[in-house]
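Here is what each chain is made of, one letter per residue.
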Amino acid sequence: MVDILLEKDLKKLGTNLLCVYAFQKARKVEKLESLDKALQTRIGDRLKTFGFQGNAGESLVLEGNAKFKRIVAIGLGTKKDFDKRSMRQAFFNAVKQANALKVDSLTVLVPGTEKSVQEAVEGIRYATYQFAGRYRKQDKALTNTLKTVHLVSLESGDQASAKRADIVMDAVDFTRNLVNLPSNIVTPSYLENEARSLAEAEHSSLSVLSKEDAQRHKMGAFLAVAQGSREPAKMIVLSYSGAPKTKKTYAVVGKGITFDSGGVSLKPPKGMSKMKTDMAGGAAALGVFKAVSQLELKINLLAIVPATENMPGGNAYRPGDILTASNGKTIEVISTDAEGRLVLADALVYAQKLGADRIVDIATLTGAVITTFGSVHTALMANDDTWAGKYLKAARTSGEKTWQLPMDKEYDDLIKSNVCDMVNAVENRQAGTVTGGKFLERFIKKRTQWIHLDIAGTSYLAYPKGYLEKQATGIPVRTIVEMLKSEIR
Ligand code: BES
Ligand code: ZN
Ligand code: ZN
């Protein structure tokens with residue numbers, strides 16, 4: 001944990017490290033004139049002497065003065081290319097520098113306007129997230145020494161937006177931890193307990209459907225997936241009413257497969273351990289709920305997580321089985337490994353029964369999305385372009401890249417069944433990601449505004465990418481919170 005403090009007066013501060021930023025080819029470091037004047041330093045001259053260019057990611061450590069033992073200059077690249085993402089990256093780099101230099105306090109001059117405080121906090125928080133070490137001794141060399149960051153905006157700081165960013169990043173870290181933890185720890189019951197803690201927030205409540213409850217609701221698709229596992233399945237429903245006078249209700253519905261073995265359509269051993277992350281959508285839904293309830297946004301929100309393992313136990317469902325979902329539609333099981341859409345089908349129907357009219361579902365649904373986008377873009381599918389547009393706009397703000405896929409009628413032909421209303425998987429693997437979206441669309445009423453996000457490629461990284469460390473990313477919690485925030489304005 002790092003304390004982030006907003007400061008107005010640089011002159012009153014003294015820390016082990018001072019971080020300043022410079023754009024490429026800019027004649028001066030951001031705010032340097034006032035800085036050099038305030039500190040009676042000549043940082044600008046010295047950076048010139050050492051040939052500091054201001055290239056993106058470039059850094060130069062200088063000896064400091066009595067107040068700041070050392071000074072690090074970090075390049076921001078060209079002004080033209082500078083965006084919110086570079087802002088996060090800049091602060092990420094500053095914190096990484098501080099930890100590499102083993103200092104405990106850092107002062108950073110926030111470049112640009114105070115609007116950057118949000119991205120500053122995000123970058124700092126991304127740099128300090130640590131999961132490894134919880135289950136083994138932390139490597140001394142990697143231990144974070146940084147305890148305090150003083151953010152100096154030479155204009156005025158915005159304490160409130162820093163606080164909000166911190167709340168959202170707590171939720172992102174919460175989501176990342178759930179995704180990084182393995183399946184013997186994060187079971188459906190574990191997710192239920194996490195949800196129970198979240199329900200302690202103001203205006204929040206929890207209801208969890210057991211197997212028997214789900215049977216009463218005729219959730220035949222969800223129950224079929226659950227029947228091959230000994231872990232009790234849970235349909236987790238969190239409710240937050242921040243706008244009790246309106247009926248408008250948002251819902252985030254997240255796939256909560258705590259382990260996906262593939263079931264009888266067993267996955268190959270290579271890479272199967274990664275299937276502990278198949279609840280990343282559910283973890284994100286819980287993360288969004290945590291952020292929204294702690295921010296006390298004036299909206300009504302449901303977070304629904306159909307949580308179960310997908311296992312090949314003796315009672316497991318089989319390829320060829322015919323299932324009836326809670327809206328009466330019938331499904332022919334082609335692959336028991338296409339289980340995400342089955343549990344989501346009943347969860348989406350339930351969300352609408354509870355009054356949700358604007359839904360985002362989040363799922364590690366298809367391997368095909370990794371083939372298409374790698375780990376760069378989340379795939380978005382929607383039944384309503386206005387609602388999709390709001391998400392895409394929020395995604396540009398958050399930097400969590402998202403790309404919309406088509407949902408043309410022709411794709412419906414691919415999920416036709418000879419015996420049922422639809423199949424759960426396309427045998428020849430055509431349009432793998434889109435047909436996942438088309439399947440889910442069958443469980444959405446005409447008047448519901450709905451988005452489906454396939455995060456199989458973006459929720460978990462094999463390699464670090466910018467300010468995202470490898471493993472769980474917490475995507476798309478920040479984007480959804482951003483979108484919900486702009487719904488109120
Ligand atoms: N959980 C997987 C998708 C997945 C793959 C997530 C790789 C993360 C990394 C999902 O349940 C699945 O197995 N989907 C099948 C669908 C197919 C049978 C229609 C797939 O992608 O092969
Ligand atoms: Zn699967
Ligand atoms: Zn799965």
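Our structure is the block above this text.
As the structure is a computational prediction, the values presented were derived from the model and not from experiment.

1. Some thoughts on the pattern of salt bridges
Okay, step 1: Following the criterion strictly, the structure yields 24 salt bridges and no others.
Okay, step 2: One salt bridge in this structure joins Lys96 and Glu469, with 3.0 Å as the shortest N-O distance. Remark: Glu469 occurs in the loop between strand S19 (460-461) and strand S20 (471-472) and Lys96 occurs in helix H3 (residues 84-100); sequence separation between them is 373 residues.
Okay, step 3: Given the relative accessible area of 22%, Glu469 is considered partly exposed.
Okay, step 4: Between Arg358 and Glu487 there is a salt bridge, with the nearest N and O atoms lying 2.7 Å from each other.

2. Overview of the site of ligand 1
Okay, step 1: Taken together, 18 residues lie near ligand 1, and Lys267, Asp278, Asp337, Glu339 and Gly367 sit nearest.
Okay, step 2: Within the side chain of Asp260, an N or O atom sits 2.9 Å from an oxygen atom of ligand 1.
Okay, step 3: Considered on its own, ligand 1 offers 520 Å² of accessible surface; in the complex 82% of this is hidden by protein.
Okay, step 4: Grouping the constituent residues of the shell around ligand 1 by class yields six nonpolar, four polar and eight charged.

3. Examining the packing of aromatic side chains
Okay, step 1: One pass over the full model with this rule turns up six aromatic pairs.
Okay, step 2: Lys290 extends its terminal NZ or CZ atom over the ring of Phe174, reaching a point 5.5 Å from the ring centre.

4. Observations regarding the sheet that holds strand S12 (residues 322-324)
Okay, step 1: Strand order in this open sheet of three strands is S12-S13-S17, and the pairing throughout is mixed. Whereas interior strands pair on both sides, the edge strands pair on one side only; in this sheet they are S12 and strand S17 (422-423).
Okay, step 2: By the bridge criterion, three bridges tie S12 to strand S13 (residues 330-332) in an arrangement that is antiparallel. Following the sheet pairing, Thr324 is matched in S13 by Thr330.

5. Describing helix H14 (residues 477-488)
Okay, step 1: The end-to-end C-alpha distance of H14, which contains twelve residues, comes to 17 Å, matching closely the 16 Å that a straight helix rising 1.5 Å per residue would cover.
Okay, step 2: Of all twelve residues that make up H14, ten are buried, and the element is covered over most of its length.
Okay, step 3: Three or more residues of H14 are buried, namely Val477, Arg478, Thr479, Ile480, Val481, Glu482, Met483, Leu484, Lys485 and Glu487.

Conventions adopted
- Residues take numbers from 1 onward in each chain, read along the sequence in its written order.
- Chains and ligands are labelled sequentially in the order written, the chains with letters from A and the ligands with numbers from 1.
- Under the rules for a predicted model, residues below a pLDDT of 70 receive no local features and side-chain atom pairs below 80 are neither given nor counted, while totals for whole chains, interfaces and linings still include all residues.
- Note that the side-chain values use all heavy atoms of the structure and ignore hydrogens as well as water.
- Note on definitions: salt bridges are taken to be side-chain nitrogens of Lys or Arg within 4 Å of carboxyl oxygens of Asp or Glu.
- Strands here mean DSSP runs of E at least two residues long; helices mean DSSP runs of H or I at least four residues long; both are numbered from the N terminus.
- Each residue gets one of three labels from its accessible area relative to the maximum for its type: buried under 20%, exposed over 50%, partly exposed in between, using a 1.4 Å probe on protein chains only.
- Here a residue is considered near a molecule or strand provided that any single heavy atom belonging to it is located within 4 Å of it.
- Within 3.5 Å is the distance limit for a polar contact, defined as a pair of N or O atoms, with the added protein rule that one can donate a hydrogen and the other accept it, and that residues adjacent in sequence qualify only through two side-chain atoms.
- Each accessible area is a Shrake-Rupley result for a 1.4 Å probe, and residues are judged covered by the shown protein chains and nothing else.
- Note on residue categories: nonpolar means Ala, Val, Leu, Ile, Met, Phe, Trp, Tyr, Cys or Pro, charged means Asp, Glu, Lys or Arg, and polar means any other residue, Gly included.
- Side-chain rings of Phe, Tyr and Trp (the six-membered ring for Trp) are treated as a pair once their centres are within 6.5 Å; stacked means planes under 30 degrees apart, edge-to-face means over 60, and tilted covers the remaining angles.
- Look at NZ for Lys and CZ for Arg. If either is within 6 Å of the ring centre and within 35 degrees of the ring normal, a charge sits over the ring.
- The pairing criterion for strands is at least two bridges between them, as found by DSSP.
- Expected helix span is given by 1.5 Å per residue-to-residue step, counting one fewer step than there are residues.

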